[in-house]
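# Observations on the model geometry
Letter by letter, the chains look like this.
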Amino acid sequence: MDFFGIPPQALFGQLLLGLINGAFYAMLSLGLAVIFGMLNIINFTHGAQYMMGAFAAYFLLQYGGLGYWWSLLLAPVIVGATGVVIERLMLRHLYKLDHLYGLLLTFGLALIIQGLFQNEFGSSGLPYRIPQELTGGQNLGFMFLPNYRAWVVVVSLAVCLATWFLIERTKLGSYLRAATENPALVQAFGINVPRMITLTYGFGVGLAAFAGVLAAPIYQVSPLMGSNLIIIVFAVVVIGGMGSIMGAIVTGFGLGIIEGLTKVFYPEASSTVIFVIMAIVLLIKPAGLFGRVQ
Amino acid sequence: MKLKTALTALALAGMIGTAHAQLSGGVLKIGVLNDQSGLYADVTGQGSVVAARMAVEDFKAEAKGIKVEIVFADHQNKPDVGSALVRQWFDRDGVDVVADVPTSSVALAVNEIVKEKNKVFLVSGAASAALTGNACSPNTVHWTYDNWALANGTAKAIVAAGGDSWYFLTADYAFGHDLEAQVGAVVKAANGRVVGAVRHPLSTPDFSSFLLQAQASKAKVIGLANAGGDTINSIKQAGEFGISKGGQKLAGLLIFVTDIHALGLQTAQGLQFTESFYWDRNDASRDFAKRLAPQVKGNQPTMIHAGVYASVLHMLKAVEQIKTDDGAKVVAKMKELPTDDPLFGKGVIREDGRKIHDMFLFEAKAPAESKGPWDYYKTVRTIPAAEAFRPLAEGGCSLVKK
């Protein structure tokens, strides 16, 4: 039985691949949603920070002799720390201004960071191996699934759900949400709101770096890897609804799958399909699929 | 006052002109146009600018009375950006020669403008064989390689080794389409079959979906009709999805030494591909590499860099002889003079603008065979100049007298 002339094996394979790409979209858009939800900053540096995560993994291996698993732990902390510095030095002056200022600042930063890396490392990228434990793959009958890709889906789902739980279901999360609604009142209860905001930004950036480490063995560790992805991720966030945590996760995975299917039926359109969907969603539901109208 | 200055300048220019070459604006201005920031920046980029400078130094242009100036710009692989830059160069900045120009879609656009403005176009980076075929121009020389030569070198060898059914992963623009067509023709001529093709957008990070389709096609050979970062990602991810373990062979149709470096030999070993230059081939190439590499972060030169060097050098020889920078006249002289440079040896430029030299079928070494960083290639076969490029009559170039 074929679906529209595509054998079912190919279709299942593409669905699964879409899910894998969706895992990256979900994790990156999640970080953006957290940052936008809590700081009201449209963080255009996100792609560069994802790229920095991959580079951090490369450096840790090359100069520190620390392998993939250590990188998964350390790279988000290191890159997150640079995020904290950026927030303290620059972003915090912009909270009271229009979104546009934050966008311009972070976009500028992204260009600078990417330019510096490109100047130093060129554009072909640097190789990074799949960790020994995750090489090889499973033959699922309809496709060959590399173990590493399976790992990416599992771990990113876990991280996404943990983040959602942290923000929507824990006490810390409720402080955070309260602080965005009414910072003065929360501060009056003795909670250090500026520090919480700083750490939130660091966390969002750390998520991007985490995705970067996950991506390093699949793609080249390249200065351009973030800029390839960031625009798509922004479309995902807009479709899901700015600032909505669940929206970011669901649309991330969902759009990955749609993009995967496009690659079967009409590959030439695979780089544009997400933007077509974005345009349609914006026309019908301007706040996004999961967004609240404020 | 202004008029007086202008007249004086004219008179002075005239005086200089009688002593030296008749150059518009008093200088020969070379514009290196390529990808300075995207996926082709390592195979072209600054390396090409450095190579052009080295050619001018080695020619000792200043001592021969030719004042040369080199400028460069980033076309971002977009034909509209490239066209606008080149028009500005010609109309405002007095550029006489455009060199390099990778990305066939951009090169084809620039080709038209150069002809319209009667300047010189030295193509090294672009691959489309149309530049010396139906789009050929009296102002263009295509130096380093083209899709026909790649197909002829790599595809022929692979079909001969039993790879008779092909599936293509094709970059969706002029270059990819042309390369797919050229290779397809070679495969069919050798009684092979093309079972399908999938076209991916330029600069795609994830190839898994396309690779899966290629895998499902059961073709013996998966031809990568793409370049630079796209090829690197295809090969890397093909390894991950066990393509070669499943018995299918990858054919990188356009591979550069920097791609092999980025992939690492572990992944790249055994790949066969066609090029016209390898930095470690002889003393002259090693010497060239030794001078160029330190200026581009230690990357060894690609054949495109070598082509920029050699084509600029040959162009300077022509300008020295005819003492003008009139585009069509310079190119006509370039075709008349036999070429001779340290990197490509002796050769000729045909009427259609095609530079003729040997091509080489290389194979990436196994990690154990490599003596160190950048020791990557072994030569499988030298394709003699006479059979390396498309026969003159088959190109359909209007400059060729029938």
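The shown structure was predicted, so the numbers you read here are calculated from the model rather than taken from an experiment.

### Some thoughts on the confidence of the model for chain A
- Residues with a pLDDT of 70 or more make up 97% of chain A, whose mean pLDDT is 89.
- Of all helices and strands in chain A, the one with the weakest mean pLDDT is strand E1 (residues 137-139) of chain A (85), whereas helix H3 (residues 68-89) of chain A scores best (96).

### Notes on the sheet that holds strand E1 (residues 28-34) of chain B
Residues and elements named next belong to chain B.
- The strand order E2-E1-E3-E4-E5 describes an open sheet built from five strands, whose pairing is parallel. With one partner strand each, in any of the chains shown, strand E2 (68-74) and strand E5 (140-142) form the two edges of the open sheet. If you compare each strand with its neighbour and ignore which way they point, the axes differ by 20° on average.
- When strand E4 (residues 120-123) meets E5, the two strands line up parallel, connected through three bridges. Following the sheet pairing, Leu122 is matched in E5 by Val141.
- Against the sheet, helix H4 (residues 104-117) touches E1, strand E3 (97-100), E4 and E5, its axis set at about 155° to E4.

### Digging into the environment of A:Tyr128
Residues and elements named next belong to chain A.
- One can find Tyr128 in the loop between helix H4 (99-121) and E1.
- The buried category is assigned to Tyr128, around which 24 C-beta atoms lie within 10 Å.
- Each C-alpha atom of the pair Tyr128 and Ala23 lies 20 Å from the other, and the pair is 105 residues apart in sequence.
- The contacts of Tyr128, once residues within four sequence positions are left out, are Ala57, Tyr58, Ala216, Pro217 and Val221.

### Considerations on the sheet that holds strand E11 (residues 339-341) of chain B
- Ordered by their spatial adjacency, three strands build an open sheet running E11-E12-E13 (chain B), and the pairing between neighbours is antiparallel. The open sheet has two free edges, formed respectively by E11 and strand E13 (355-356) of chain B, since each of these has just one partner strand.

### A short note on the interface of chain A and chain B
- Contacts between the two partners involve 32 residues from chain A, matched on the other side by 34 residues from chain B.
- At the level of secondary structure, the elements contributing two or more residues to the side of chain A that touches chain B comprise helix H1 (8-39), strand E2 (144-146), helix H9 (225-240) and helix H10 (245-265) of chain A.
- Looking at the side of chain A that touches chain B, its residues break down into 14 nonpolar, 16 polar and two charged.

### Let's talk about the pairing of strand E8 (residues 221-225) of chain B
Residues and elements named next belong to chain B.
- By the criterion of burial, E8 is predominantly enclosed, with five of the five residues buried.
- Taken together, the five bridges between strand E6 (residues 165-171) and E8 define a ladder with parallel strand orientation. Looking at the pairing, Phe168 lines up with Gly223 of E8.
- Here E8 pairs with strand E9 (residues 249-252) via four bridges, running parallel. What sits directly across from Gly223, in E9, is Ala251.
- A crossover connection joins E8 to the parallel E9 through helix H8 (residues 228-240); in handedness this β-α-β unit is right-handed.

### Concerning the pairing of E2(B)
Residues and elements named next belong to chain B.
- Relative to E2, E1 is paired through seven bridges, and the arrangement is parallel. Bridge assignment links Val32 to a residue of E2, and that residue is Phe72.
- Read from E1 through helix H2 (residues 45-59) to E2, the crossover connection turns out right-handed.

### Focus: the nonpolar core
- Grouped together as the largest cluster of nonpolar side chains are 224 residues, with contacts concentrated most on B:Tyr309 and B:Val312.
- With 19 residues, the single largest contributor to this core is H1(A).
- Two domains each donate at least three residues to this core, and these are domain 1 (23-145 + 281-357) and domain 2 (148-275 + 359-388) of chain B.
- If sequence neighbours within four positions are ignored, B:Tyr309 has contacts with B:Ala51, B:Met54, B:Ala55, B:Phe288 and B:Leu343.

Scoring rules and cut-offs
Residues numbered from 1 in each chain as written. Chains lettered and ligands numbered in written order. Predicted model: local features only at pLDDT ≥ 70, side-chain atom pairs only at ≥ 80, totals over all residues. pLDDT = per-residue confidence, 0-100. Helix = DSSP H or I, 4+ residues; strand = E, 2+ residues; numbered from the N terminus. Pairing = 2+ DSSP bridges. Axes fitted to C-alpha atoms, helices over the stretch in contact; angles between N-to-C directions. Contact = placed C-beta atoms within 7 Å. Buried ≥ 20, exposed ≤ 12 C-beta atoms within 10 Å, placed from the backbone. Nonpolar A, V, L, I, M, F, W, Y, C, P; charged D, E, K, R; others polar. Right-handed = clockwise from strand over helix to strand, strands pointing away. Core = buried A, V, L, I, M, F, W, Y, C linked by C-beta atoms within 7 Å. Domains from an automatic or database assignment.

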